[in-house]
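Examination of the molecular architecture
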Amino acid sequence: MMGNYAGGMGGASWILMGLLWVTLIVAIVWMIVGMVTQPRHATTSAAAQEFRTDSPADILKRRLARGEIDTTTYEELSSVVGKVR
């Protein structure tokens, strides 16, 4: 009876500890796979677009392409933008 210190770990404790380790290993593998397979060009292009400033001429071209302004308005505004430079 000398080796029995308060009953030791019961069966449920062994099962819970095993589930803890399996969960921990799965989480680590999931994180590593997520870091390795993440496309790197998506983050750099998003950062580049965030800091990109468009020139007034580019904005006018985009508005004309979307149909927000007509060609006469585009020509008038582009001549004004050209004078400002």
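These notes cover the structure that comes with them.

Parameters and conventions
Residues numbered from 1 in each chain as written. Predicted model: local features only at pLDDT ≥ 70, side-chain atom pairs only at ≥ 80, totals over all residues. Heavy atoms only, no water. Helix = DSSP H or I, 4+ residues; strand = E, 2+ residues; numbered from the N terminus. Buried < 20%, exposed > 50% of the residue type's maximum accessible area, 1.4 Å probe, protein only. Areas by Shrake-Rupley, 256 points an atom, 1.4 Å probe, with all protein chains shown as cover. Patch = residues over 30% accessible without salt bridge, like charges linked within 9 Å, V, L, I, M, F, W, Y side chains within 5 Å. Salt bridge = Lys/Arg side-chain N within 4 Å of Asp/Glu carboxyl O. Polar contact = N/O pair within 3.5 Å; in protein donor to acceptor, adjacent residues only side chain to side chain.

This part covers the overall build of the protein chain. Per the secondary structure count, the protein chain includes four helices and zero strands. When the helices and strands of the protein chain are listed from N to C terminus, the series reads α-α-α-α. Burial statistics for the protein chain: of 85 residues in total, 5% are counted as buried. Carbon and sulfur atoms make up 67% of the accessible area of the protein chain, which totals about 7,600 Å².

This part is about a nonpolar patch on the surface. A surface patch of nonpolar side chains, amounting to about 1,200 Å² of accessible area, comprises Met 9, Trp 14, Met 17, Trp 21, Leu 24, Ile 25, Ile 28, Val 29, Ile 32, Val 33, Met 35 and Val 36. Mapped onto the elements, Leu 24 comes out in helix α1 (residues 11–37). A relative accessible area of 41% places Leu 24 in the partly exposed class.

Right, let's talk about the pattern of salt bridges for a bit. Under the counting rule described, the total for this entry stands at three salt bridges. The closest approach of N and O atoms between Arg 62 and Asp 54, which form a salt bridge, is 2.8 Å. Accessibility expressed as a relative area gives 31% for Arg 62, which makes it partly exposed. The class of Asp 54 is partly exposed, set by a relative accessible area of 29%. In the salt-bridge network here, residues are joined through shared partners; they are Arg 63, Arg 66 and Glu 68.

Among the structural elements, Glu 75 can be located in helix α4 (residues 71–84). When the C-alpha positions of Glu 75 and Leu 60 are compared, they lie 9.4 Å apart, and in sequence the two are 15 residues distant.

Now for the environment of Thr 37. For Thr 37, the position within the fold is in helix α1. Judged by its relative accessible area of 58%, Thr 37 is exposed. Polar side-chain contacts of Thr 37 include one of 2.8 Å to the backbone oxygen of Val 33.

Function cannot be inferred from these measures alone, as they are strictly geometric.
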